[in-house]
Amino acid sequence: MRKGWIVVLGCFLVMGMISPGLAQQSKLILATGGTAGTYYPFGGAMAKIWNSKIPEVNVTAQATGASAEMSV
């Protein structure tokens, strides 16, 4: 659980650092879990907030296989 919050905080920090330097429209994809899971709606809400608050940025939530895709 703690690791998840660290990842979310890291995403916010990265967006905060790169957003002022963007000169043109940027299209970003926010990878989330599957559409039936908890994190897809959460990612969609985050994308909506970023789109409304950060000018010249277009963020889209994309469903993925979540941690199942990352297993080695």
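Residues numbered from 1 in each chain as written. Predicted model: local features only at pLDDT ≥ 70, side-chain atom pairs only at ≥ 80, totals over all residues. Heavy atoms only, no water.

A.B. asks: Which residues make up the overall build of the chain, and what values do they have?
C.D. replies: Of regular secondary structure, the chain possesses three helices and two strands. Taken from N to C terminus, the helices and strands of the chain fall in the order α-β-α-β-α. In the chain, which comprises 72 residues, the proportion classed as buried is 21%. Within the chain, counting contacts between residues at least 6 apart in sequence, those at least 24 apart form 65% of the total. (Helix = DSSP H or I, 4+ residues; strand = E, 2+ residues; numbered from the N terminus. Buried < 20%, exposed > 50% of the residue type's maximum accessible area, 1.4 Å probe, protein only. Contact = heavy atoms within 4.5 Å.)

A.B. asks: Got a sec to walk through the nonpolar core? Specific residues and values, please.
C.D. replies: The biggest cluster of nonpolar side chains holds eight residues, and these are M15, L30, M46, A47, W50, I54, V57 and V59. Elements with a minimum of two residues in this core: α2 (39-53) and β2 (57-63). Residue contacts for A47: discarding those within four places in its chain leaves L30, V59 and A61. (Core = buried A, V, L, I, M, F, W, Y, C linked by side-chain atoms within 4.5 Å.)

A.B. asks: For the pairing of β2, give the residues involved together with the corresponding values.
C.D. replies: Judged from the seven bridges that link them, strand β1 (residues 26-32) and β2 form a sheet pairing that is parallel. Across the sheet, residue I29 finds its bridge partner in β2, namely T60. Crossover β1 to β2 through α2 is right-handed. (Pairing = 2+ DSSP bridges. Right-handed = clockwise from strand over helix to strand, strands pointing away.)

A.B. asks: Quick rundown of unusual backbone geometry? Include the residues and the values.
C.D. replies: The phi dihedral of E56 is positive, around 65°, even though this residue is not glycine. Its place among the elements puts E56 in the loop between α2 and β2. Given the relative accessible area of 43%, E56 is considered partly exposed.

A.B. asks: Please provide a residue-by-residue account of the environment of A61, values included.
C.D. replies: Examined against the element boundaries, A61 turns out to sit in strand β2. What makes A61 buried here is its relative accessible area of 16%.

A.B. asks: Tell me about the confidence of the model for the chain, and please be specific about residues and values.
C.D. replies: The predicted model of the chain averages 78 in pLDDT, with 76% of residues at 70 or higher. For the chain, helix α3 (residues 67-70) is the element with the lowest average pLDDT, namely 61, and α2 is the one with the highest, namely 90. (pLDDT = per-residue confidence, 0-100.)

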